[in-house]
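So you can see what is in the structure, the chains are spelled out below.
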Amino acid sequence: MLFRVDPSSSVGLAEQIAATVRGAVAGGELAPGDRLPPAREVASGLDINVHTVLRGYAMLRDEGVIELRRRRGAQVRTDLDPSTLALHQQIRDLTEAAARLGWGVDDLVIAVRRAAAAGGSTNDEPDEA
Amino acid sequence: MRNGNPTPREGREMAMMLRRLAGTAISVVAPVVVLISYLALRAAVPDPLPTHWGLHGEVNDTASVAGFFVATLVISAVLALGAVAAVWLAHSPLAGRMLAALLSFGAWITAAITLVTMLAARGAPRAQDVAMPWYAILAVVVVSILLAAGVWWVLPGRWEPSAVAPATSTLTLAPGERVVWIGHQHSTLARIFAGVLAVAGAIVLWLQPVVSIPLFVVAVALAMTSELAVRIDERGVHTLWGPFGWPRPSIALGEIASARAEQINPMAWGGWGYRVSSRGVAAIIRRGPGLVIERTNGPAYAVTVPGADRGADVLNALLVRERSAKDAAGQ
């Protein structure tokens, strides 16, 4: 599988590694049960520290995306539902986009509630509290 | 060179031609050395000449100077001509290169033996008085190996520049962006065979210890070729063999012209495992998708790996980025 990282980005390298794997699972490139490449190889290919890659893998383990076993390495959890992961990814993108526009989390929650209540999209600006 | 400046392709063709000429020259000098050492030293050496020494340095065989000269000249000339034929007539650069280096080694060891024998015998009244120092024999072997290695090194890895189109990719990589693509493949069948052979070897070890050795060797060889991983990064392509990912031969990015994905038929590349054939070098675990790499100066390299089309795309993107960086630096 392909890992792409940008060292000049404000996003941490470990988070970029985790995002790559999340994207690959959500996009179907990695299926539940598939093994991730050894952290050592990823690190040496990207010319970054192996602990950075392991930190990215640990984030994914904490999120329930992968399992880390001492001998067998990293593996996408067999009980993982890729579509749930895709939804989580969209929520993540949404919160990031909102943050860029200066929306607070509460504003976003209100907007999401309204959208859900209307049963579709809405262009309403959030009320200034 | 129709109108002044040669095109890059003509330049590469010229360089390959010059390298083949250099390989030819190194080989052809060997019989000339025989001829010169005879002409220069024939009057100074005893006739008959010593040609063989025993373990304790005593001369135990001789030959007439003329007979020794004719024999060594014929042997070195035939071997040198063989090397020249390998350079210019071989169908495959890989085989031609190997054969030329081997034959050149033969021609040169013959020439070096002639020269050293004549030099050692110079001024001696009788063949029995000639001593052959051990370092002379060492020098003969080392010089011949170095010259044969020189032939190997100077000969190009391919006879003509590759006609492959420059790499193109659907991916675009930013200048500072880092990428790595890793593909992995194993053959369950080869693993089972390796396991069965290892168990058979262990059983045979009790009955016939000697027979168990080839069984273990084949089991290890099968285990090593039952699994491989391919890593593509900005340094090039690395093939990680076996369960430990070692050995790991690499091809530097600068040596790669382009990459493509192909359905690999093992028989077309010489079989399974690590193969060298007229098509090039191949690392084959199973029939199926594979990455085929065209080198700028060397045989093609094929390696079977799932998702090879993606791998080829990544490699081509790296090549495109490197090329545009070079273009930018050149302007």
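Because the structure is a prediction, the values reported are computed rather than measured.

**Some details on the packing of helix α1 (residues 13-26) of chain A against helix α3 (residues 50-62) of chain A**
Residue and element names in this part refer to chain A. Two elements in contact, α1 and α3, have axes separated by 8 Å at closest approach and are oriented at 50 degrees. Between α1 and α3, the crossing angle belongs to the class labelled oblique. In the crossing of α1 with α3, the sense of the turn from one axis to the other is right-handed. Taken together, the residues of α3 that come into contact with α1 (itself represented by Leu13, Ala14, Glu15, Ile17, Ala18, Val21 and Arg22) are Thr52, Val53, Arg55, Gly56, Tyr57, Met59 and Leu60. In terms of residue class, the contact of α1 with α3 is made up of 9 nonpolar, 2 polar and 3 charged.

**Points about the pattern of salt bridges**
One pass over the structure, following the stated rule, counts 18 salt bridges over all chains. A salt bridge links Asp233(B) to Arg231(B); its shortest N-O distance comes to 2.9 Å. With a shortest N-O distance of 3.7 Å, Glu262(B) and Arg279(B) are connected by a salt bridge. Note that Glu262(B) is positioned in strand β7 (residues 256-264) and Arg279(B) in the loop between β8 (273-277) and β9 (280-284), a separation of 17 residues in sequence. A residue is classified by how much of its surface remains accessible, and Glu262(B), at 23% relative accessible area, is partly exposed. For Arg279(B), a relative accessible area of 39% gives the class partly exposed. Beyond isolated ion pairs, a larger network of salt bridges with shared partners links Arg40(A), Glu41(A), Arg231(B), Asp233(B), Arg235(B) and Arg248(B).

**Concerning unusual backbone geometry**
Along the chain, Asp47(B) connects to Pro48(B) via a cis peptide bond; the corresponding omega equals 0 degrees. Among the structural elements, Pro48(B) can be located in the loop between α1 (8-41) and β1 (49-53). In this structure, Asp47(A) is a non-glycine residue whose phi angle is positive, near 60 degrees. Mapping Asp47(A) onto the fold places it in the loop between α2 (39-46) and α3. The exposed category is assigned to Asp47(A), whose relative accessible area is 52%.

**Focus: the packing of aromatic side chains**
All names here are of chain B. Tallying each qualifying case throughout the model produces 2 aromatic pairs over all chains. Ring geometry for tyrosine 38 against phenylalanine 69: centres 3.8 Å apart, planes inclined by 15 degrees, an arrangement best described as stacked. Taken together, the positions of tyrosine 38 in helix α1 and phenylalanine 69 in helix α2 (residues 65-89) put the pair 31 residues apart, joining distant regions of the chain. Assigned by exposure class, tyrosine 38 and phenylalanine 69 land together as buried. Measuring from centroid to centroid gives 5.9 Å for tryptophan 134 and tyrosine 135, while their planes differ by 85 degrees, and the two rings are edge-to-face. In this pair, the class of tryptophan 134 matches that of tyrosine 135, namely exposed.

**Quick word on the interface of chain A and chain B**
Taken together, the contacts link 16 residues of chain A with 17 residues of chain B. Three residues, Leu2(A), Arg4(A) and Glu41(A), lead the burial of chain A against chain B; their summed loss comes to 39% of the area buried on that side. If you look at where chain A meets chain B, you find 3 salt bridges. Notably, a salt bridge pairs Arg231(B) with Glu41(A), separated by 2.8 Å at the nearest N-O pair.

**Looking at the sheet that holds strand β3 (residues 178-186) of chain B**
Reading across from one edge, β1(A)-β3(B)-β4(B)-β5(B)-β6(B) is the order of the 5 strands in this open sheet, with antiparallel pairing throughout. At either margin of the open sheet sits one strand with a lone partner, and together these are β1 (2-5) of chain A together with β6 (250-252) of chain B. Between one strand and the next, the sheet's axes are offset by a mean angle of 10 degrees, whatever the strand orientation. Note that β1(A) and β3(B) share 4 bridges and pair antiparallel. Note that in β3(B) the partner of Arg4(A) across the bridge is Val179(B). Its contacts with the sheet place α2(A) against β1 of chain A together with β3, β4 (227-233) and β5 (236-241) of chain B, and it is angled at close to 145 degrees to β3(B).

**Section: the sheet that holds β9(B)**
All names here are of chain B. Ordered in space as β7-β10-β11-β9-β8, the 5 strands form an open sheet in which the pairing is mixed. Edge positions in the open sheet fall to β7 and β8, since each of these has one partner strand only. Across the sheet, the mean angle separating the axes of adjacent strands is 15 degrees when strand polarity is ignored.

**A word on the side chain of Arg295(B)**
Residues and elements named next belong to chain B. Tracing the chain through its elements places arginine 295 in strand β10 (residues 288-295). The side chain of arginine 295 sits in the buried core without any salt bridge; glutamate 255 is the nearest counter-charge, 4.6 Å away. Here proline 299 takes part through its backbone oxygen, which lies 2.8 Å from a polar atom of the side chain of arginine 295.

**Here we look at helix α5 (residues 188-207) of chain B**
Residues and elements named next belong to chain B. Between its first and last C-alpha atoms α5 spans 29 Å; for 20 residues at 1.5 Å apiece the expected length is 28 Å, and the two agree. By the burial criterion, the buried members of α5 are Ala190, Ala194, Gly201 and Val204. Relative to the axis of α5, the buried residues are bounded by an arc of 95 degrees and lie together on one face. Away from its buried face by more than 90 degrees, α5 exposes Leu189, Ile192, Val196, Ile203, Trp206 and Leu207. Packed against the buried residues of α5 are α6 (209-224).

**A short note on the environment of Gly195(B)**
Residues and elements named next belong to chain B. As for its position among the elements, glycine 195 is in helix α5. Judged by relative accessible area, glycine 195 falls into the partly exposed class, the value being 34%. Residues glycine 195 and alanine 223, spaced 28 residues apart in sequence, show a C-alpha to C-alpha distance of 8.1 Å.

The rules behind the values
- Residues numbered from 1 in each chain as written.
- Chains lettered and ligands numbered in written order.
- Predicted model: local features only at pLDDT ≥ 70, side-chain atom pairs only at ≥ 80, totals over all residues.
- Heavy atoms only, no water.
- Axes fitted to C-alpha atoms, helices over the stretch in contact; angles between N-to-C directions.
- Helix = DSSP H or I, 4+ residues; strand = E, 2+ residues; numbered from the N terminus.
- Parallel < 35°, antiparallel > 145°, perpendicular 65-115°, else oblique.
- Left-handed = near helix turned anticlockwise from the far one by under 90°.
- Contact = heavy atoms within 4.5 Å.
- Nonpolar A, V, L, I, M, F, W, Y, C, P; charged D, E, K, R; others polar.
- Salt bridge = Lys/Arg side-chain N within 4 Å of Asp/Glu carboxyl O.
- Buried < 20%, exposed > 50% of the residue type's maximum accessible area, 1.4 Å probe, protein only.
- Phe/Tyr/Trp six-rings, centres within 6.5 Å; stacked < 30°, edge-to-face > 60°.
- Buried area = accessible area lost by both parts, 1.4 Å probe.
- Pairing = 2+ DSSP bridges.
- Lys, Arg positive; Asp, Glu negative; His and termini not counted.
- Polar contact = N/O pair within 3.5 Å; in protein donor to acceptor, adjacent residues only side chain to side chain.
- Expected span 1.5 Å × (residues − 1).
- Arc of directions from axis to C-beta.

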